[in-house]
Structures are given as structure tokens and as C-alpha cells.
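Okay, here's what each chain looks like letter by letter:
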Amino acid sequence: NSFDSRFPANLSFSPDGKYLMYTRPQEKSVNNDIYVMLLADKSESQITFSTANDSNPVWSPDGTEVLFLTDRMGNNDFYKVKVKNGKPVGEPQIVKRNLGKEVNVMGIGTDKSIYYATDNSRYDIFTLDLDAKFENDETKFTRITDLAMRSGGMAPNYSKDGRYISYVSRKSNYK
């Protein structure tokens, strides 16, 4: 598709593989809006309409909602908007306020838990056994990234069956 000079970023496929979601700069602005394209006919729908910067969109696991960062209130907040047939349904709703200036969205779990990192120069990935958490009062996190890695793990992504995780990292001796 031709996008003139407003190139898309943050591309991701919907869980059903029918849509492509991305951000594009607003006309005459550095701020972004969120769009969804139906791959079958390349028709585009705008999901967010704001003069603020809407960024880092992620699909909910069932594809019915889009979670995104926005600075509508002056600081990064999480908002979500319902989506049906590639189009927004209703107005975006606030999910969490005041996340800080540096926020990286890592994804949404099948239980709709949001994974994100704030204002940190190193990313480490931890797992939490939710079944064990509810069996006792102790919360046990397990680090799955290696401390010898220079920047920990970035951009984690679980396989659909939840058995594997992929992530980007640099070794500490990398120069």
C-alpha cells in the first residue's frame, strides 16, 4: 500500500491474521494515530482520533480490543478501545494513568494481563506461575533472562501454546 510520506510503524497482525495494525504520523505533526488495515482488500480504518500521540498499540489476545499508550493527559497513560471488523467501537477508555515518560509495551497475556516496562535501561524478563501464586501467600518470580546479558531481554513474545518465549538480547562482551 502507498502511505505517502507518513510511513507506518509498530506493525502487528491481528490474532486472526485478517488485519494489520500500525501507527502513522498525523498530518503536519510528529504525533501518531492508530490504524487498522483489512488485508483482503487493503482498506484502512483509523482507530484513534486525537491531537495527542497515540503509540505502541497491541491487540488483546481475542482481537476484540486494542491497548495503546497516549499522552492525552500530559503523561503516558494506557487506554483501550474496542474493535469490531477492523473499526473502533465507542470511545477509548482509560486503563492506567501516569506511567511516566519512558514506557515500552511488551504485550498482553491470554488472561489480559498487561506486560510493560518503565524508565529502565535494562530489560529483564520474569515469569510468574499464577496457579502457585493462588495456592500460597508467597509470590515467586523467576528470572528467565541471563544477568550476563548486556541489556537483558527486549521485545518478548510467547508462543501461542505458552511453552516458549523469544526475545532480543545482547551479550555483555559485545562491543
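Here, the structure is the one placed above.
Residues numbered from 1 in each chain as written. Predicted model: local features only at pLDDT ≥ 70, side-chain atom pairs only at ≥ 80, totals over all residues. Heavy atoms only, no water.

Asks: Go over the pattern of salt bridges with me, naming the residues and quoting the values.
Replies: Considering all chains together, one arrives at 4 salt bridges under this definition. Among the ionic pairs, E65 bridges to K80, the shortest N-O distance being 3.5 Å. Of this pair, E65 sits in strand 6 (residues 65-70) while K80 sits in strand 7 (residues 77-84), placing them 15 residues apart in sequence. Its relative accessible area of 33% is what places K80 among the partly exposed residues. What emerges from the salt-bridge pattern is a single network uniting E65, K80 and K82. (Salt bridge = Lys/Arg side-chain N within 4 Å of Asp/Glu carboxyl O. Helix = DSSP H or I, 4+ residues; strand = E, 2+ residues; numbered from the N terminus. Buried < 20%, exposed > 50% of the residue type's maximum accessible area, 1.4 Å probe, protein only.)

Asks: Any details on the pairing of strand 7? Residues and values, ideally.
Replies: One ladder, built from 6 bridges, connects strand 6 with strand 7; its direction is antiparallel. The residue bridging T70 from the neighbouring strand is D77, located in strand 7. Following strand 6, the chain reverses through 6 residues before pairing antiparallel with strand 7; G74 in that reversal takes a positive phi of roughly 95°. Where strand 7 meets strand 8 (residues 87-96), 6 bridges bridge the pair, whose relative direction is antiparallel. Among the inter-strand pairings, Y79 is bridged to a residue of strand 8, identified as I94. Count of turn residues in the strand 7/strand 8 antiparallel hairpin: 2 residues, of which N85 carries a positive phi of about 55°. (Pairing = 2+ DSSP bridges.)

Asks: Can you tell me about the sheet that holds strand 5 (residues 54-59), naming the residues and giving the values?
Replies: Taken in spatial order, the 4 strands of this open sheet run 5-6-7-8, and their pairing is antiparallel. Both outer strands of the open sheet, strand 5 and strand 8, are each paired with one neighbouring strand and no more. The average undirected angle you get between the axes of adjacent strands in this sheet is 25°. (Axes fitted to C-alpha atoms, helices over the stretch in contact; angles between N-to-C directions.)

Asks: Outline the sheet that holds strand 2 (residues 19-25), listing residues and values.
Replies: The sheet built from 4 strands is open, its strands ordered 1-2-3-4 with antiparallel pairing. The open sheet terminates on both sides in strands that have one partner only, identified here as strand 1 (9-13) and strand 4 (43-46). Strand-to-strand, the axes of this sheet are offset by a mean angle of 25°, without reference to chain direction.

Asks: How would you explain unusual backbone geometry if you had to name every residue and give the values?
Replies: Apart from glycine, the bulk of residues carry a negative phi angle, and the bulk of peptide bonds sit in the trans form. With a phi angle near 60°, K42 is a residue other than glycine that sits in the positive phi range. Tracing the backbone through its elements, the reader meets K42 in the loop between strand 3 (32-38) and strand 4.

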